[in-house]
Amino acid sequence: MTDLGSSGQTDRRLECSTQERAYRAVMARIDRAAKQAGRSGADVRLLAVSKGQHAAAIEELCRLGQRDFGESYLQEALPKIARFGDKGLVWHFIGPMQTSKCRDVAAHFDWIHSLDRAAHADRLDRRRPAHLPPLQVCLQVKLSLEPRKSGVDPDQLLTLARHVDRLPRLRLRGLMAIPEASQDPTVQRAAYARLMALFCALRAAGHDLDTLSMGMSDDLEAAILEGSTLIRVGRALFGARKIG
């Protein structure tokens, strides 16, 4: 007779082993790219994009020391945040921002990487609970002409940054972008260099920024070489989505 329980435990152990190898491989890629850029791997924060993944996968990365997790879909994210409420995790909202999402994002997340308009900033500021620290904010910048891409236009970035800086329940930390996909490292680096230039311009204008959220599974090396301080990695850590 087949022992279904024992087989299931074996499958889970094998899956965890695979995920641990993936995590170590991503960390090694970060270290190599940072060294190539003359930086330390410790200067680059890994955001594990756990959208579409079961809680068990998050649990395994927690065991390995991962603390930052990114989610896009509230109906999926909120149960995860509640489940891991005692683990000291840091939750980042990385999905497209809509007015209907402001209340839950403000109440349950530590960071938002996709803020691109003043009206949403005002609503997040009003909805951020008084007992929580300010919501940490990266402004999403539109670097390409793709019509479906979200983000503030570069020529409107300074105006939006000034607006967010005046809101007491938000803390402006930096910029985020999702460039047009390319397999050419030169093209990848050029896009991230543009975001770095905007970041430096805001700092020169007096904004106290410390975070460049740029780089994903396929281009994290290019992003780190251009100064990324936070990379958002999903597929290289978890494989294909398991939910949705």
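Residues numbered from 1 in each chain as written. Predicted model: local features only at pLDDT ≥ 70, side-chain atom pairs only at ≥ 80, totals over all residues. Heavy atoms only, no water.

Asker: Could you give an account of the pattern of salt bridges, naming the residues involved and the relevant values?
Answerer: Where charged atoms from two side chains of opposite charge come close, those side chains can pair. Tallied over the entire structure, the rule returns 12 salt bridges. In this structure, the salt-bridge partner of arginine 45 is aspartate 68, at a minimum N-O distance of 2.7 Å. Here aspartate 68 lies in strand E2 (residues 68–71) and arginine 45 lies in strand E1 (residues 45–49), a separation of 23 residues in the sequence. Where arginine 235 meets aspartate 218, a salt bridge forms, and the shortest distance between an N and an O atom there is 2.9 Å. Of the two residues, arginine 235 sits in helix H9 (residues 235–238) while aspartate 218 sits in the loop between strand E7 (211–213) and helix H8 (220–225), which places them 17 residues apart along the sequence. Its relative accessible area of 46% is what places aspartate 218 among the partly exposed residues. (Salt bridge = Lys/Arg side-chain N within 4 Å of Asp/Glu carboxyl O. Helix = DSSP H or I, 4+ residues; strand = E, 2+ residues; numbered from the N terminus. Buried < 20%, exposed > 50% of the residue type's maximum accessible area, 1.4 Å probe, protein only.)

Asker: Describe the packing of aromatic side chains, listing the residues and the values that go with them.
Answerer: Evaluation of the coordinates by the stated rule reveals 2 aromatic pairs. Seen in terms of ring centroids, phenylalanine 69 and tryptophan 91 are 5.8 Å apart; in terms of plane orientation they differ by 35°. Their pairing is tilted. In this pair, phenylalanine 69 sits in strand E2 while tryptophan 91 sits in strand E3 (residues 90–93), placing the two residues 22 residues apart along the sequence. A centroid spacing of 5.4 Å and a plane angle of 75° characterise the contact between phenylalanine 93 and phenylalanine 109, whose relative ring orientation is edge-to-face. Within this pair, whereas phenylalanine 93 is found in strand E3, its partner phenylalanine 109 is found in the loop between helix H4 (102–108) and strand E4 (111–115), the two being separated by 16 residues in sequence. Both residues of the pair, phenylalanine 93 and phenylalanine 109, count as buried. (Phe/Tyr/Trp six-rings, centres within 6.5 Å; stacked < 30°, edge-to-face > 60°.)

Asker: Can you lay out the side chain of histidine 207 for me, pointing to particular residues and giving the numbers?
Answerer: Checked against the element boundaries, histidine 207 lands in the loop between helix H7 (185–204) and E7. Judged by its relative accessible area of 7%, histidine 207 falls in the buried class. Within polar-contact distance, the side chain of histidine 207 engages the side chain of aspartate 165 at 2.5 Å. In contact with histidine 207, not counting residues within four places along its chain, are Leu158, Ala161, Arg162, Asp165, Leu172 and Leu202. (Polar contact = N/O pair within 3.5 Å; in protein donor to acceptor, adjacent residues only side chain to side chain. Contact = heavy atoms within 4.5 Å.)

Asker: A description of the packing of helix H5 (residues 118–127) against helix H6 (residues 157–165) should follow, citing residues and the corresponding values.
Answerer: Two elements in contact, H5 and H6, have axes whose closest approach is 10 Å; the angle formed by their N-to-C orientations is 10°. Overall, the two elements H5 and H6 adopt an arrangement that is roughly parallel. You can see that H5 and H6 cross each other, and the crossing is right-handed. Between H5 and H6, the residues in contact are Ala118, Ala121 and Asp122 and Leu160, His163 and Val164, respectively. Partitioning the contact of H5 with H6 into residue classes produces 4 nonpolar, 1 polar and 1 charged. (Axes fitted to C-alpha atoms, helices over the stretch in contact; angles between N-to-C directions. Parallel < 35°, antiparallel > 145°, perpendicular 65-115°, else oblique. Left-handed = near helix turned anticlockwise from the far one by under 90°. Nonpolar A, V, L, I, M, F, W, Y, C, P; charged D, E, K, R; others polar.)

Asker: Before we move on, could you go through the pairing of strand E6 (residues 170–176) and cite the residues and values that matter?
Answerer: Burial of E6 is extensive: 6 of the 7 residues sit out of reach of the surface. The pairing of strand E5 (residues 135–140) with E6 spans 6 bridges and is parallel. Of the residues in E6, the one forming a bridge with leucine 139 is leucine 175. Chirality of the crossover, the property in question, places the unit of E5, H6 and E6 among those that are right-handed. Note: E6 against E7, 3 bridges, orientation parallel. If you follow leucine 175 over to E7, its bridge partner there is leucine 212. Handedness of the E6-H7-E7 crossover: right-handed. (Pairing = 2+ DSSP bridges. Right-handed = clockwise from strand over helix to strand, strands pointing away.)

Asker: Just give me the short version of the pairing of strand E8 (residues 230–233), but keep the residues and values in it.
Answerer: Neither face of E8 is left uncovered, since the one carrying Leu230 and Arg232 and the one carrying Ile231 and Val233 both have all their residues buried. Relative to E8, E1 runs parallel, the two being bridged by 4 bridges. When the sheet's bridge partners are listed, leucine 47 is paired in E8 with arginine 232.

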